[in-house]
Amino acid sequence: MDGPAELEAAEQVVIRLDSSLASTAAASPAAVGGEPMLFDGAGDRTEAERFLRAVDNIRRLAPSSPSVVGSPRRLSSGSGAAAGGGGCSAVQVTMARLEDEFRHLLSSRAFDLEIEALADLTSLCISSDRTNSVSSMDLPAVEEDDSISDCGCRRSSYRSLRSIREIDLLPDDAVADLRAIASRMAAAGYGRECAQVYASVRKPAVDASLRRLGVERLSIGDVQRLEWDALEAKIRRWIRAARAAVRGVFASERRLSFHVFHDLPISNVTVVSVVTAAPATHDTPFVEAVKGAALQLFGFAEAISIGRRSPEKLFKIIDLHDALSDLLPDVSDIFAASKAAESIYVQAVEIRSRLADAVRGILSEFENAVLRDPPKTAVPGGTVHPLTRYVMNYSSLISDYKATLTELIVSRPSASARLAAEGNELAPSLSCLELPEHENQSPLAAHIIWIIVVLEHNLESKVSLYKDTALSHLFLMNNVHYIVHKVKDSPDLWSMIGDDYLKRLTGKFTVAATNYQRASWLKILNCLRDEGLHVSGGFSSGISKSALRERFKSFNAAFEDAHRVQSGWFVPDTQLREELRISISEKLLPAYRSFLGRFRHHIENGKHPELYIKHSAEDLENAVNDFFEGAPPSPHNRRRSHG
């Protein structure tokens, strides 16, 4: 068969197989679903193969013509002559048919992506730091005894499930048919139109997948207006969604696009890429299908990175930074290899950098917040101050994030950071504070030590709020004890603080405890000394009963006042509370028993001994057990006896 005859035969095949050509030419793409399709994935494929051979023959035998830009569907409607004659018209007819078949294949043969299963595979172990209010700093407190993570580990292991999981989006035979159609459209100069059809079908599918993953369309303003509780929950969901989107959805889309368009000449026409204009390549269909979803996905992290910096956000932003850092190699694999897509990778890298800046800024803001917390009102009972709890629990969590923060915190506290912010009433005294250093101290460790140094100084300024000297010492003792034990309870925190600084803190606690006992009990114990009770003169010497009665009265009044007052003071640590009671008893009870043993008969031989000997040693022992409970003593412990 000669060339013209072969071309005519091929055209007849196309016309016969596309019997509804006239109606199809004017129909919208949606109407295609009602007509029989050659590539429907079922039944005899003979007609489809015959059509492809006819397309190849028409392409090979038709006279060459200038490239015509536009949809083959539009060009096949009455523009054949202008395009270069009957052969060219036949090419346009076949391209229009192939475009319809391509769209139908993409739409009808796609699998329903099991997003829920994909998200479960990438589920994270999310930190559950609480957000109860601390009024003194107007910041959320990290509660003592918080559950550090929902699944028993401190932080999510972001480096688990690292590998990309590519999922079949269409059956293999459908992908092969798409490739067959795309290669013929590209060879005929209609690669760009084919790519546009591909993107128009896959883009809604990608967008739908992200919606099912919980990725919302939120502007930067929307994100920044969210309350922190809501934003924290969205960050958790974003981390799961991002891993599923990048390693599952985007990776699978890249794989499908590669199988369909790899090495095909899409076009030399410039198309708009994510950030800059770039020449269309075989990656263009993939980029056009996913760029909107990628921008939406990473836009959330970007909004967080440039939002208001406040201390309660630190750990979730570190989680976000770590999740993005872990994803970047995969983002690079998926996007950076292509000029058309690398801007998505560049954007992700820039967002991670801004998240790192946010972490550094938040740590600085936290230091300033501790610095600025002013003396207001004394906490009742001299208990641990909310600021102390907040700072030490926060510092413990900082140490738990040591791996990331050591990388991000590269400079020690600056001279300006070590002085008070403008207008801070603590400014004059802060200039004399020293930052303890130990060998190989990291910048992060220096920041944590500085935070505790400032906390110590702040607590000392709050001591003056107490009118009772003994209570002021108890307050300092409680708070320094809390600091020491929070350090000891965290090996990472302890290693950064260092033994020397911990010893200094322990010494400060010991001094405060000694000062409390002196201020509280020295006067009471002085009532039990012998000095001033003995009289001498004339022919005899002995005990002054009047002085002895006054001594008993003074002791009773002082102890009862201490019992009344200090039962309302509070030592929250159970072990410390018991140790203080034992220490008091070890000093008080032997002294009282000795005094009572030596002098009680002088009182009992006189009038109304019950007015002076009001307590037995056992009464005192019981009464000491009321101390530091933070509540008035119970009536049953107010027994009075002289037995």
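Up top you'll find the structure we're talking about.
Residues numbered from 1 in each chain as written. Predicted model: local features only at pLDDT ≥ 70, side-chain atom pairs only at ≥ 80, totals over all residues. Heavy atoms only, no water.

1. A few points about the overall build of the protein chain
Within the protein chain, the regular secondary structure consists of 24 helices and 6 strands. With 643 residues in all, the protein chain has 52% of them scored as buried. For the protein chain, contacts bridging at least 24 residues in sequence account for 81% of all contacts bridging at least 6. Split by element, the accessible area of the protein chain, about 28800 Å² in all, is 52% carbon and sulfur. (Helix = DSSP H or I, 4+ residues; strand = E, 2+ residues; numbered from the N terminus. Buried < 20%, exposed > 50% of the residue type's maximum accessible area, 1.4 Å probe, protein only. Contact = heavy atoms within 4.5 Å. Areas by Shrake-Rupley, 256 points an atom, 1.4 Å probe, with all protein chains shown as cover.)

2. Considering the packing of helix H9 (residues 191-212) against helix H12 (residues 284-305)
Running from N to C, H9 and H12 cross one another at 30 degrees; their axes reach a closest spacing of 7 Å. Classified by the interaxial angle, the pair formed by H9 and H12 is roughly parallel. Helix-helix and strand crossings are classified by hand; for H9 and H12 the assignment is right-handed. Contacts between H9 and H12 involve Ala195, Tyr198, Ala199, Arg202, Lys203, Val206, Asp207 and Leu210 from the former and Pro285, Glu288, Ala289, Val290, Ala293 and Leu297 from the latter. When grouped by side-chain class, the residues that make up the contact of H9 with H12 number 10 nonpolar, no polar and 4 charged. (Axes fitted to C-alpha atoms, helices over the stretch in contact; angles between N-to-C directions. Parallel < 35°, antiparallel > 145°, perpendicular 65-115°, else oblique. Left-handed = near helix turned anticlockwise from the far one by under 90°. Nonpolar A, V, L, I, M, F, W, Y, C, P; charged D, E, K, R; others polar.)

3. Some remarks on helix H21 (residues 499-526)
Between its terminal C-alpha atoms H21 stretches 39 Å, which fits the 40 Å expected from 28 residues at 1.5 Å a residue. In H21, a bend of some 40 degrees at Ser520 exceeds every other bend along the element. Those residues of H21 that fall on the buried side of the exposure criterion are Tyr501, Leu502, Leu505, Lys508, Phe509, Ala512, Ala513, Tyr516, Gln517, Ser520, Trp521 and Ile524. (Expected span 1.5 Å × (residues − 1). Bend = angle between axes of the 7 residues up to and from the residue.)

4. Thoughts on the packing of H21 against helix H22 (residues 545-566)
Between H21 and H22, whose axes approach to 8 Å, the crossing angle comes to 150 degrees. It follows that H21 is roughly antiparallel to H22 by the angle criterion. Two secondary-structure elements touch here, H21 through Tyr516, Ser520, Trp521, Ile524 and Asn526 and H22 through Arg551, Phe555, Ala558, Phe559, Ala562 and Gln566.

5. Concerning the pattern of salt bridges
Pairs can form between side chains of opposite charge once their charged atoms are near each other. Overall, the coordinates contain 33 salt bridges when judged by the stated rule. One salt bridge in this structure joins Glu232 and Arg236, with 3.8 Å as the shortest N-O distance. In this pair, Glu232 and Arg236 are both assigned in helix H11 (residues 228-261), 4 residues apart and thus about one turn of the helix distant. For Arg247, the salt bridge goes to Asp330, with nearest N and O atoms at 2.5 Å. On the criterion of sequence distance, the pair formed by Arg247 in helix H11 and Asp330 in helix H13 (residues 314-336) is long-range, its members being 83 residues apart. Overlapping salt bridges bring together Glu456, Glu460, Arg504 and Lys508 as one network. (Salt bridge = Lys/Arg side-chain N within 4 Å of Asp/Glu carboxyl O.)

6. Digging into the environment of Val260
Following the sequence through the fold, Val260 ends up in helix H11. Taking the relative accessible area as the measure of exposure, Val260 reaches 0% and is therefore buried. Taking the C-alpha atoms as reference, Val260 lies 7.6 Å from Ala176; in sequence the two are 84 residues apart. Here Val260 is in contact with Phe102, Leu178, Arg179 and Ala182, once residues within four sequence places are set aside.

7. Things to note about unusual backbone geometry
Although it is not a glycine, Asp263 adopts a positive phi angle of roughly 65 degrees. If you trace the backbone, Asp263 turns up in the loop between H11 and strand S3 (270-272). In this model, Phe628 sits at a positive phi of 70 degrees, which is unusual for a non-glycine residue. The residue Phe628 is located in the segment after helix H24 (617-624) in this model.

8. Describing the nonpolar core
Residues Phe102, Trp238, Phe250, Leu297 and Phe298 are the most contacted members of the largest nonpolar core, which totals 175 residues. In terms of residues, this core owes the most to one element, H11, which gives 16 residues. Setting aside residues up to four positions removed in sequence, Phe102 forms contacts with Leu178, Ile181, Ala182, Cys194, Val197, Tyr198, Val260 and Phe261. (Core = buried A, V, L, I, M, F, W, Y, C linked by side-chain atoms within 4.5 Å.)

9. Concerning the packing of aromatic side chains
According to the stated counting rule, one finds 20 aromatic pairs in the structure shown. Centroid distance Phe555 to Tyr592: 5.0 Å. Interplanar angle 20 degrees. Geometry classified as stacked. Placement of the pair is Phe555 in helix H22 and Tyr592 in helix H23 (residues 574-604), with a sequence separation of 37 residues. Against the face of Tyr612 rests Arg549, its NZ or CZ located 6.0 Å from the ring centre. (Phe/Tyr/Trp six-rings, centres within 6.5 Å; stacked < 30°, edge-to-face > 60°. Lys NZ or Arg CZ within 6 Å of the ring centre and 35° of its normal.)

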